[in-house]
Amino acid sequence: MGLTMLKSRIFHLRGLRLACMMPVQKQNYMKKDMRPRQEKKEAVITDGIARRTLSFYRYVKIGDPEKFRDELCERLTSLGCLGRIYVAHEGINAQMNVPQHNWDQFDAYIKSRPELNGVPYKMAVEEGDAPSFYKLMIKVKDKIVADGLTDESFDVTNTGAYLSAKEFNEYISDPDAVVVDMRNAYESEIGHFEGAIKPNVDTFREELKVVPELLKVHKNKKIALYCTGGIRCEKASAWLKHNGFENVHHLKGGIIDYKHQVKREGLENKFKGKNFVFDERMGERIGDEVISHCHLCSVGKSDTHYHCKNIVCHVLFLGCEFCVQKKGGYCSYKCMTFDRLPASVKKYFTRNAHLKKPDQFKKHRLGRKTSTIK
Ligand SMILES: [Zn+2]
Ligand SMILES: [Zn+2]
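Residues numbered from 1 in each chain as written. Chains lettered and ligands numbered in written order. Predicted model: local features only at pLDDT ≥ 70, side-chain atom pairs only at ≥ 80, totals over all residues. Heavy atoms only, no water.

Draft legend 1. Here's a closer look at a nonpolar patch on the surface. Nonpolar side chains collect at one region of the surface, where Leu-341, Tyr-348 and Phe-349 lie side by side and expose about 300 Å² of accessible area between them. For Tyr-348, a relative accessible area of 53% corresponds to the exposed category. (Patch = residues over 30% accessible without salt bridge, like charges linked within 9 Å, V, L, I, M, F, W, Y side chains within 5 Å. Areas by Shrake-Rupley, 256 points an atom, 1.4 Å probe, with all protein chains shown as cover. Salt bridge = Lys/Arg side-chain N within 4 Å of Asp/Glu carboxyl O. Buried < 20%, exposed > 50% of the residue type's maximum accessible area, 1.4 Å probe, protein only.)

Here is the structure:
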């Protein structure tokens, strides 16, 4: 074991997070990221730097993901970029923010990399009150989108054709077209396109299993897929084609770019509610209406997600103002009570939680699973 790796292991053993999993010599990046979570968050909130949130992805062959990650990490850190980036042999998937004053340098760097040159940015529809990210994490993964697929003959680049927002709107009103939401149930619950099939799944892996089955009866129809920014659809459209579906299309740039196109071209917005996003904002408003209900009382309307304040539970739930206030940000009174226990008792339960986990400690979303609706 090399010295670098050994040092790296020791840091892991101490439970310290390494920014970008950089080698130990690159102390600057590490020091920055080793501050407690709350401290990092507050530093970003109060630093007064204007940031632009964006996402981009590309399925592109990356020969040496580790090297690519290290180079990316070094440059993006120097530009003060924050976010979550996955790199794999199959490509890159980035959700991040860039300090406004470094935007041109960031853009020039992306253009200078042959793997990334010309990659379309999807700019956030709205910036939240708090920054979208407060640390930079770049990880090497097996896949940029976990798909659970092991079929060697599957070609992810043989994708369906793109649809613009205008074309997508036409699909929605066409009785011969089927529209499928390729996101998880907790995402489509707070916002979706009118009349879309919304599979009742918690992961993209499940989605890829379920969707070809669900669409069997629609095999000869025109199929249109959509997701947050397009990355899942790109893979899913290729998967459907691999499974014998011929007329497969997908919304270019996902819901994020749909909203921009609708605004730019004065189109009718057919997306209802909020678009779930995977950062501190948790969602950006696309349609004005609130279409989902509070998971705690099932009565109040809410499309605001919270993580239960009890870190053992941390379940994702929708809460109305009344319930969130009443339960103090916890998903239940049980969690509220648990969090008041002495640290040693909590530690005991946390360690042994796997033995008998009370329902609300399970790491899945709260809300009742909704049935698949067409
Ligand atoms: Zn409620
Ligand atoms: Zn809880």
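Draft legend 2. Broad picture of the coordination of the zinc ion (ligand 1). At the metal site, the zinc ion (ligand 1) is ligated by Cys-294 (SG), Cys-297 (SG), Cys-320 (SG) and Cys-323 (SG), and these contacts range over 2.2 to 2.3 Å. Around the zinc ion (ligand 1), the 4 donor atoms are arranged such that angles at the metal cover 100 to 117°; this shape is classified as tetrahedral. (Donors = N, O, S within 2.8 Å, 3.2 Å for Na, K, Ca; no water. Tetrahedral: all angles 85-135°; square planar, octahedral: opposite > 155°, others 65-115°.)

Draft legend 3. Highlighting the coordination of the zinc ion (ligand 2). The zinc ion (ligand 2) binds to the protein through Cys-308 (SG), Cys-313 (SG), Cys-331 (SG) and Cys-335 (SG), with metal-donor distances spanning 2.3 Å. Site description for the zinc ion (ligand 2): donor spacing in sequence, C-x4-C-x17-C-x3-C. Pair noted here: Cys-313 is in the loop between strand E13 (305-307) and strand E14 (316-318) and Cys-331 is in the loop between helix H11 (321-326) and helix H12 (333-339), with a separation of 18 residues, a long-range link. (Helix = DSSP H or I, 4+ residues; strand = E, 2+ residues; numbered from the N terminus.)

Draft legend 4. Inspection of the nonpolar core at higher detail. Counting residues in hydrophobic clusters, the biggest one holds 27 residues, and the most contacted among them are Val-180, Met-182, Leu-215, Leu-225 and Leu-240. Elements that contribute at least two residues to this core include exactly strand E1 (51-59), strand E7 (177-181), helix H8 (204-214), strand E9 (222-226) and helix H9 (231-242). Of all the elements, H9 adds the most residues to this core, at 6 residues. Ignoring sequence-local partners within four residues, the contact set of Leu-240 consists of Val-211, Pro-212, Leu-215, Ile-223, Leu-225, Phe-245 and Val-248. Counting residues in each nonpolar core, the second largest holds 23 residues, with Leu-76, Tyr-109, Val-119 and Leu-136 among its members. (Core = buried A, V, L, I, M, F, W, Y, C linked by side-chain atoms within 4.5 Å. Contact = heavy atoms within 4.5 Å.)

Draft legend 5. Spotlight on the sheet that holds strand E5 (residues 136-140). Overall, mixed pairing links the 5 strands, which are arranged E4-E1-E3-E2-E5 in an open sheet. Two strands in the sheet have a free side with no partner beyond their single neighbour: strand E4 (122-123) and E5. Note: strand E2 (residues 82-88) against strand E3 (residues 91-99), 7 bridges, orientation antiparallel. Counterpart to Val-87 in the pairing with E3 is Ile-92. (Pairing = 2+ DSSP bridges.)

Draft legend 6. How the structure looks around the pairing of E2. Burial analysis of E2 places 6 of its 7 residues in the buried class, the great majority of the element. Turn length for the E2-E3 hairpin, with the two strands adjacent in sequence and antiparallel, is 2 residues. Across 5 bridges, E2 lies against E5 in parallel orientation. The residue of E5 that forms the bridge with Arg-84 is Met-137.

Draft legend 7. Spatial organisation of the pattern of salt bridges. Considering all chains together, one arrives at 22 salt bridges under this definition. Here Glu-71 makes a salt bridge to Lys-67, at a shortest N to O gap of 3.4 Å. Of this pair, Glu-71 and Lys-67 both sit in helix H4 (residues 65-78), 4 residues apart, roughly one helical turn. What makes Glu-71 partly exposed here is its relative accessible area of 29%. Taking the relative accessible area as the measure of exposure, Lys-67 reaches 49% and is therefore partly exposed. Note that Arg-281 is salt-bridged to Asp-279, the shortest N-O span being 2.8 Å. For Asp-279, a relative accessible area of 10% gives the class buried. Look at the salt bridges and you will find they share partners, linking Lys-67, Glu-71, Arg-113 and Glu-115 into a network.

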